[in-house]
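Structural overview
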Amino acid sequence: MKAYCLMHDHLTTAGLVGEALTTEGWEFDTEWVVPEDRFTRPAVSFEFPDPTQYDLIVPFGAPWSVYDFDGVGSWLEPELAWLKRALDADVPVLGICFGGQLLASVLGGGVAPTERPEIGWVQVESDVPALAGPWFQWHYDHFTVPEGAQMRAQNAAAAQAFTHGRSLGLQFHPELTPEI
């Protein structure tokens, strides 16, 4: 099994998600969209691979907003189209924070600013034991669960996880390690 881990900025690593993939025998490729020297000017060129080469696509977080096409620039719309191609080919997506917002957007859900940011360890409620508990969050936006998807976790601030087919969108950061 092979996964593709897409990091949007130089500060992101696969962390515990990468460790879990390795433990379960997965191989994975990792690429970064925006290099460190372009962090404040993220409009860069990026070529997304053929999603059908992979058994799982994992877009991670980013400090930008899914709806900020002018600020983020050239790679945002192509990434949304790329994720749609993955889903159309039945390649599951594990979207983490910004990646979860991208997944929600592709599936017809909304992404908007939160009333108040969630930063730090935040309690998440779920009937799925693996999703319940405190999770680290760092976001100023939130997703709405797309029609046809099932909400899997939430808190007072917003939806925190949803599934759609074989894909899972998360608002929190399961990749977090002490080093991160």
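Everything numeric here is computed off the predicted structure, so don't read it as measured data.

Some words on the overall build of the protein chain
Looking only at helices and strands, the protein chain has 4 helices and 9 strands in total. Going residue by residue from the N terminus, the α and β elements of the protein chain occur as β-α-β-β-α-α-β-α-β-β-β-β-β. At 15 Å, the protein chain has a C-alpha radius of gyration in line with the 16 Å of a compact globule built from 180 residues. Across its three principal axes, the protein chain shows a C-alpha extent of roughly 40 × 35 × 35 Å. Scored against the burial criterion, the 180 residues of the protein chain give a buried share of 52%.

Here's the deal with the sheet that holds strand β7 (residues 150-154)
In sheet architecture, strand pairing relies on hydrogen bonds along the backbone and comes in two forms, parallel and antiparallel. In spatial order, the strands read β4-β9-β8-β7; together these 4 strands make up an open sheet with mixed pairing. The open sheet has two edge strands with one neighbour each: β4 (94-96) and β7. Across the sheet, the mean angle from the axis of one strand to that of its neighbour is 15 degrees, orientation sign disregarded. Pairing of β7 with strand β8 (residues 159-164) involves 4 bridges; the strand directions are antiparallel.

A closer look at the environment of Asn-155
Considering the arrangement of structural elements, one finds Asn-155 in the loop between β7 and β8. Taking relative accessible area as the criterion, Asn-155 reaches 16% and is therefore assigned buried. Discounting chain neighbours no more than four positions away, the residues touching Asn-155 are Glu-118, Val-122, Gln-123, Gln-137 and Gln-160. Among the polar contacts made by the side chain of Asn-155, one reaches the main-chain amide nitrogen of Ala-157 at a distance of 2.9 Å. Within polar-contact distance, the side chain of Asn-155 engages the backbone nitrogen of Ala-158 at 3.1 Å.

Examining helix α1 (residues 15-23)
For α1, the set of buried residues is Gly-15, Val-17, Gly-18 and Leu-21. For α1, the angular spread of the buried residues around the axis is 165 degrees, confining them to a single face. Residues of α1 that are buried make contact with β1 (2-7), β2 (27-32), β3 (56-59) and β4. Phi for Gly-25, located one or two positions after α1, is positive at around 90 degrees.

Overview of the pairing of strand β6 (residues 133-143)
Burial analysis of β6 places 8 of its 11 residues in the buried class, the great majority of the element. Sheet topology note: the strand β5 (residues 111-124)/β6 ladder contains 10 bridges and is antiparallel. Paired with Ala-112 across the bridge in β6 is His-142.

About the criteria used
Residues numbered from 1 in each chain as written. Predicted model: local features only at pLDDT ≥ 70, side-chain atom pairs only at ≥ 80, totals over all residues. Heavy atoms only, no water. Helix = DSSP H or I, 4+ residues; strand = E, 2+ residues; numbered from the N terminus. Rg over C-alpha atoms; globule rule 2.2 N^0.38 Å. Buried < 20%, exposed > 50% of the residue type's maximum accessible area, 1.4 Å probe, protein only. Pairing = 2+ DSSP bridges. Axes fitted to C-alpha atoms, helices over the stretch in contact; angles between N-to-C directions. Contact = heavy atoms within 4.5 Å. Polar contact = N/O pair within 3.5 Å; in protein donor to acceptor, adjacent residues only side chain to side chain. Arc of directions from axis to C-beta.

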